Amino acid sequence: CQEQEFSYEYRHGVTSYGAFTYCLTRIFRQMKRAKKPVTFDALIKNVGARLKELGYAQTPTLVGPAVKKTRKFPVSPG
């Protein structure tokens, strides 16, 4: 999340997950099923949209060189 924000927990029954981690793994699973790689920037944008859908005021931020952030995130087969 951004510096001025809180990092939230997502509760699923009696189990808690970090909200970002929960959303990220859901997006990974969707990417794997679709076999459609996305850029790191797009991945973070998708995670942010999912966090917003779930009602979290948490904005994922990816810091790094633009050339790396615009590369495709590899999706492994299987």
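Residues numbered from 1 in each chain as written. Predicted model: local features only at pLDDT ≥ 70, side-chain atom pairs only at ≥ 80, totals over all residues. Heavy atoms only, no water.

Chemist: I keep staring at the packing of aromatic side chains and nothing clicks. Help me out?
Modeler: Remark: the centre distance and the inter-plane angle together describe each pair of aromatic rings, the angle taken between the planes. Evaluated as defined, the whole model comprises 4 aromatic pairs. Here tyrosine 8 and tyrosine 56 contribute two aromatic rings whose centre-to-centre distance is 5.8 Å and whose plane-to-plane angle is 35 degrees, an arrangement assigned as tilted. One end of the pair, tyrosine 8, is in the segment before β1 (9-12); the other, tyrosine 56, is in the loop between α2 (40-53) and α3 (66-69), with 48 residues separating them in the sequence. Assessed through its relative accessible area of 31%, tyrosine 8 is described here as partly exposed. Ring geometry for tyrosine 17 versus tyrosine 22: centroids 5.9 Å apart, planes at 35 degrees, classification tilted. On the basis of relative accessible area, tyrosine 17 is assigned to the partly exposed category, the value being 35%. Among the aromatic residues, those joined into a ring-pair cluster are Phe6, Tyr8 and Tyr56. (Phe/Tyr/Trp six-rings, centres within 6.5 Å; stacked < 30°, edge-to-face > 60°. Helix = DSSP H or I, 4+ residues; strand = E, 2+ residues; numbered from the N terminus. Buried < 20%, exposed > 50% of the residue type's maximum accessible area, 1.4 Å probe, protein only.)

Read these as layout, nothing more, since geometry by itself doesn't imply function.
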